[in-house]
Amino acid sequence: MKQENWLYEISPRKKLIDLNIREIWRYRDLLVLFVKRDIVTLYKQTILGPLWYIIQPLFTSVILTLIFNNVAGVTTGAIPSFLFNLAGITAWNYFKDCLTGTSNIFRGNAAIFGKVYFPRAIMPLSITISNLLKFGIQLGIFIGFYLYFVLTGKSIAPNIYLLLFPVYVMMMALMGLGLGMTISAFTTKYRDLTVLVGFATSLLMYVSAVPFPLAKAKEKLPELSWAFEYNPITQIIEGFRFISLDFGEFSWGGLLYALVFSVLIFFIGLIIFNRTEKNFIDTV
């Protein structure tokens, strides 16, 4: 049979950066299937099921409010402390879920990858898309409490920069996806990295100024303020709170820095992911 009569040709990737959009579109039905699988199986055979989408951010926000605002005395100005923490947790959870969900792609799906061909990038992409549902639910909770505090007389309102909301969501997705794909590639050889991811993300939340304003970190820890300012996730969290609550720090330089870093880490992760998928089955 001549090569020009073949419908598909499966061969190792030759490009350093290959988004493979055409092939992913061809397998879009499989992408939808994986998204449904991720949503349905996440809380299958659990007592509360999807209610965990709601319980987790609420309880976390309450705990952060009690510890940082009531005990440690961290102030959030005219913004209710609970709403301030809920805004940070809502943004942080989407980034964290994309990171942790994609950080074990190769090991978690080795049985599927070893039996049938499809664009491997569909797996991390499906996790990122399915996490949008969880993010949307938690964003709805945030909006609900937002309206409650407005109706009770709190002087809070978004600003014109709210138009940048899609940009911040895109940065969360790209950064979580890029870091997750990079870690997933390394876990094919170093399995203990899977344990490290959970521990590292817990620490990263505090270095990203999720439970306190960036200005407070500069005031209390001036010698370590650079660790917060140059953390691109801090810029995303702080920016998300600024556009929604009109509270915190915002600069176009910080936004551009976070955007460039997100795109860069995504392409780095994509390069490592594409190189690893050629021979990961021999090491996983």
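The structure we're discussing is the one just above.
In short, a report on the structure. Just so it is clear, the structure is predicted and the values come from calculations on it, not from any experiment. (Residues numbered from 1 in each chain as written. Predicted model: local features only at pLDDT ≥ 70, side-chain atom pairs only at ≥ 80, totals over all residues. Heavy atoms only, no water.)

## Some points on the nonpolar core
Okay, so step 1: Among the nonpolar cores identified, the biggest contains 47 residues, and Phe142, Tyr168 and Met172 are the most heavily contacted of them.
Okay, so step 2: Taken together, the elements giving at least two residues each to this core come down to helix H3 (52–71), helix H4 (81–102), helix H7 (122–151), helix H8 (165–187), helix H10 (214–220), helix H12 (232–245) and helix H13 (252–276).
Okay, so step 3: Considering every element that reaches this core, the biggest residue donor is H4, with 12 residues.
Okay, so step 4: Excluding its chain neighbours within four sequence positions, the residues that come into contact with methionine 172 are Ala91, Tyr94, Phe95, Ile236 and Phe240.
Okay, so step 5: Grouped together as the second largest cluster of nonpolar side chains are 19 residues, Leu31, Phe34, Val35 and Phe113 included. (Core = buried A, V, L, I, M, F, W, Y, C linked by side-chain atoms within 4.5 Å. Buried < 20%, exposed > 50% of the residue type's maximum accessible area, 1.4 Å probe, protein only. Helix = DSSP H or I, 4+ residues; strand = E, 2+ residues; numbered from the N terminus. Contact = heavy atoms within 4.5 Å.)

## Quick notes on the environment of leucine 270
Okay, so step 1: Positionally, leucine 270 belongs in helix H13.
Okay, so step 2: Judged by its relative accessible area of 4%, leucine 270 falls in the buried class.
Okay, so step 3: Sequence-wise, leucine 270 and glycine 178 are 92 residues apart; in three dimensions their C-alpha atoms are separated by 6.7 Å.

## Digging into empty space enclosed by the protein
Okay, so step 1: Applying the stated rule across the entire model yields 2 cavities of 30 Å³ or more.
Okay, so step 2: When its volume is computed, the largest cavity comes out at roughly 40 Å³.
Okay, so step 3: Forming the boundary of the largest cavity are Tyr168, Gln235, Glu238, Gly239, Glu249, Phe250, Ser251, Gly254 and Leu255.
Okay, so step 4: Elements supplying a minimum of two residues to the lining of the largest cavity: H12 and H13.
Okay, so step 5: Considering each element in turn, the lining of the largest cavity owes the most residues, 3 residues, to H12.
Okay, so step 6: Here the lining of the largest cavity is composed, by residue class, of 3 nonpolar, 4 polar and 2 charged.
Okay, so step 7: There is about 30 Å³ of room inside the second largest cavity.
Okay, so step 8: If you go around the second largest cavity, the residues you meet are Ala91, Trp92, Phe95, Met172, Ile233, Ile236 and Ile237. (1 Å grid on protein atoms, 1.4 Å probe; cavity = no way out; pocket = protein on both sides within 12 Å on 5 of 7 lines; lining within 4 Å. Points joined across faces, edges and corners; volume = space filled by probe spheres on them. Nonpolar A, V, L, I, M, F, W, Y, C, P; charged D, E, K, R; others polar.)

## Observations regarding H13
Okay, so step 1: Here H13 spans 36 Å end to end across 25 residues, near enough to the 36 Å set by a 1.5 Å rise per residue.
Okay, so step 2: Turning to H13, its buried residues are Gly254, Leu255, Ala258, Ser262, Ile265, Phe266, Gly269, Leu270, Ile271, Phe273, Asn274 and Thr276.
Okay, so step 3: Contacts from the buried residues of H13 go to helix H5 (105–108), H7, H8 and H12. (Expected span 1.5 Å × (residues − 1).)

## Digging into a nonpolar patch on the surface
Okay, so step 1: Together, Leu221, Leu224, Trp226, Tyr230, Tyr257 and Phe261 line one region of the surface with nonpolar side chains, adding up to about 600 Å² of accessible area.
Okay, so step 2: For leucine 221, the location among the structural elements is in the loop between H10 and helix H11 (225–229). (Patch = residues over 30% accessible without salt bridge, like charges linked within 9 Å, V, L, I, M, F, W, Y side chains within 5 Å. Areas by Shrake-Rupley, 256 points an atom, 1.4 Å probe, with all protein chains shown as cover. Salt bridge = Lys/Arg side-chain N within 4 Å of Asp/Glu carboxyl O.)

## Regarding the pattern of salt bridges
Okay, so step 1: Enumeration over the complete set of coordinates arrives at 5 salt bridges.
Okay, so step 2: Close ionic contact of lysine 134 with aspartate 97 constitutes a salt bridge, the shortest N to O distance being 3.1 Å. With lysine 134 in helix H7 and aspartate 97 in helix H4, this residue pair connects regions lying 37 residues apart in the sequence. Neither lysine 134 nor aspartate 97 differs from the other in exposure class; each is buried.
Okay, so step 3: Note that lysine 218 and glutamate 229 form a salt bridge whose closest N and O atoms lie 3.3 Å from each other. Of this pair, lysine 218 sits in helix H10 while glutamate 229 sits in helix H11, and the two are 11 residues apart along the sequence.

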